[in-house]
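# Descriptive analysis of the structure
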Amino acid sequence: MTATPQRTRLTWDYSPAPESADHVRLRDAYGVFVDGEFADPRSGRAAPTVNPATEQEIAQIAVAGDEDIAHAVRTARAAQAKWAALPALERGKYLFRIARLMQERGRELAIVETMDGGKPIRESRDIDIPLAAAHFFHYAGWADKLPYALAGRAHRPHGVVAQIVPWNFPLLMAAWKLAPALACGNTAILKPAETTPLTALLLAEICQEAELPAGVVSILTGDGATGAALVRAEGIDKVAFTGSTAVGKDIQAALAGRDVGLTLELGGKSANIVFEDAAQDQAIEGIVDGIFFNQGQVCCAGSRLLVQESIADEFVARLIDRVETLRVGDPLDKNTDIGAINSQAQLDRITKLMEAGVAEGATTWTSSCPLPKNGFFLAPTIFTDATPSMRIAREEIFGPVLTTMTFRTPDEAVTKANNSAYGLSAGVWTEKGSRAMGMAAALRAGVIWDNTFNRFDPAASFGGYKESGFGREGGPSGMAAYLEPDEGIYR
Ligand code: NDP
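Presented here is an overview of the structure given in this document. (Residues numbered from 1 in each chain as written. Predicted model: local features only at pLDDT ≥ 70, side-chain atom pairs only at ≥ 80, totals over all residues. Heavy atoms only, no water.)

### Some remarks on the nonpolar core
Counted only if it meets this: Here, the term nonpolar core denotes a set of buried Ala, Val, Leu, Ile, Met, Phe, Trp, Tyr and Cys residues that are joined through side-chain atoms within 4.5 Å. Working definition: with a 1.4 Å probe on protein chains only, accessible area under 20% of the residue-type maximum means buried, over 50% means exposed, and in between means partly exposed. By definition, any uninterrupted DSSP run of H or I lasting at least four residues is a helix, any uninterrupted run of E lasting at least two residues is a strand, and each is numbered from the N terminus. Here, two residues are considered to be in contact whenever any of their heavy atoms come within 4.5 Å of each other.
Within the largest apolar cluster, 108 residues are counted, with the highest numbers of intra-cluster contacts made by Ile98, Met102, Phe136, Leu212, Val274, Phe315 and Leu319. For this core, the element with the most residues is helix α6 (residues 170-183), which contributes 11 residues. Those residues in contact with Leu319 that sit more than four places away from it in its chain are Ile284, Ile287, Val288, Leu305, Ile382 and Leu402. Counting 29 residues, the second largest nonpolar core, distinct from the first, contains Phe275, Ile392, Val414 and Ala417.

Here it is as structure tokens:
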């Protein structure tokens, strides 16, 4: 019998749906934000921030030096006692005001986040910016309820806190850091990442619009050297850092023996574990979201896929079919699934680790999707036949690259998942509730998602075990990092 000839072939495609950036008004150059004002940096230095999708310069950004840091610490110190002495309800009102202004300027913030960092507009519009505003709302509500958050124990703010954030979620990480710090009565000096300073600078404008007292928030842009100098500066009472484990270790060493509080939110190599009874279509969507959200540049990315051996071949084949449909391209296009990698340096790091995977003998599959000619783009890639000793199974790749392994029993899944220097998150896909609960108890990870992945909520705490860092962000436990025990009574 001959096969029925294919008489029609429909090609389904999307027309471009670019978000307009016409209404965004950025300055050509930004100074540092200290004492409630933008000013030229005392260092006299500046560097460009570049759109990673076009490689075009967007603006010149101040590179803060030692004198800028000393000035910011002085003004933050001068403002702190008054800020902490405000009735807590009043502090909360400022945070509510900032949250509302972030919502009002939400579209502009989303576009700027996408232009500066390369993430798809769908993500910055629907996740980064609303969640950032939600963190301010959440901690605004806690400002006058601190004793309830900490079981009635008396605490006081640390004082002046230095906060260093990375480039993968620039505004969201700034909100995770600033909102609880301010709610607890601290003043803060924030250093955004060199490649993504713009939304933090727009947040500085929002602080001005909200009439936040001068010195309560300072934004010091700059490079790694600025961050290194900031954490070592005299007059800092607490450091909160999110970024790579290597820099986290350097900061920990620099602060050893000093009376400076520290919380570290570092890297991850998180396992997404699929059992044979899982709802496969749902699991595939979760795996895709787990590793390709924000081009895989996510500390808690589900970068290690563990599939039960009995379904592995079928599951991986279906996963590959699904990933083949993802669209890589202009981050400002609302149809784009995967945007640009944040920088050339990050693209180089990812490709180097991919080469290591090939050299070590894993099988590679790469999507055939077309890539734009300019900009830092990478097609989604899946490694199969990987073993736990390979670099692609151990090191944080921080890109759209999934490493797949198999397991036979739940115990083996736990052993393989826990066989990591990190312990930030994990996903468990099974229809059996008792198995999900058992796995959650056995996995050494700070966040465990059951039949979902990458769900974030300001009320839920987030943080890691082992080399993923210490301290928690989000929810009531996120405030513990910004308070210290006190014999006195709450103000
Ligand atoms: P870094 O850890 O270097 O950067 C994070 C932040 O720390 C940035 O603001 C950076 O400034 C600043 N910084 C850099 N060096 C120092 C220092 N010595 N002291 C204080 N602050 C410093 O990450 P990278 O940008 O270099 O990324 C490298 C790798 O780190 C990635 O491939 C990824 O694996 C991992 N990473 C993990 C993140 C996470 O959320 N867990 C986030 C980002 C990266 P600047 O940007 O100006 O250099």
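### As for the side chain of Ser425
Operational definition: Here a polar contact is taken to be a pair of N or O atoms separated by no more than 3.5 Å, where protein atoms must pair a possible hydrogen donor with a possible acceptor and residues adjacent in sequence count only if both atoms sit in side chains.
Within the fold, Ser425 resides in strand β18 (residues 425-429). Classification of Ser425 as buried rests on a relative accessible area of 4%. Of the polar contacts made by the side chain of Ser425, one reaches the side chain of Ser270; its length is 3.0 Å. Engagement of the side chain of Ser425 in a polar contact is seen with the backbone oxygen of Cys300, the distance being 3.0 Å. Sequence-distant contacts of Ser425, that is, excluding residues within four places in its chain, are made with Ser270, Ala271, Cys300, Ala445, Val447, Trp449 and Phe453.

### Some words on the pairing of strand β11 (residues 261-265)
Remember that side chains alternate between the two faces of the sheet whenever the strand is regular. Applied cut-off: Pairing between two strands requires that DSSP report at least two bridges joining them. By the criterion used throughout, a crossover qualifies as right-handed when its path from the first strand across the helix to the second strand runs clockwise, the strands pointing away from the viewer.
Of all the 5 residues making up β11, 5 are buried; the element is thus mostly covered by neighbouring parts of the structure. Burial along β11 is two-sided: Gly261, Thr263 and Glu265 and Leu262 and Leu264, pointing in opposite directions, are all buried. Note that strand β10 (residues 238-242) and β11 share 5 bridges and pair parallel. Paired with Thr242 across the two strands is Glu265, which belongs to β11. Following the chain from β10 across helix α9 (residues 245-255) to the adjacent parallel β11, one finds a crossover that is right-handed. Two elements, β11 and strand β21 (residues 469-470), share 2 bridges in a ladder whose sense is antiparallel. Paired with Leu264 across the bridge in β21 is Phe470.

### What to know about the sheet that holds strand β12 (residues 271-274)
For clarity, the threshold we go by: The convention used is that axes are lines fitted to C-alpha atoms, helices contributing only their stretch in contact, and that angles between N-to-C directions extend from 0 to 180 degrees.
Strand order in the open sheet formed by 7 strands is β14-β15-β16-β13-β12-β18-β19, with mixed pairing between adjacent strands. Here the strands that pair on one side only, and so sit at the sheet edges, are β14 (363-366) and β19 (447-450). Averaged over all neighbouring strand pairs, the angle between strand axes comes to 20°, with direction disregarded. Note: β12 against strand β13 (residues 304-308), 4 bridges, orientation parallel. The residue of β13 that forms the bridge with Asn272 is Leu305. Across the sheet, helix α14 (residues 410-418) is in contact with β12, β13 and β16 (401-407); its angle to β13 comes to roughly 170°.

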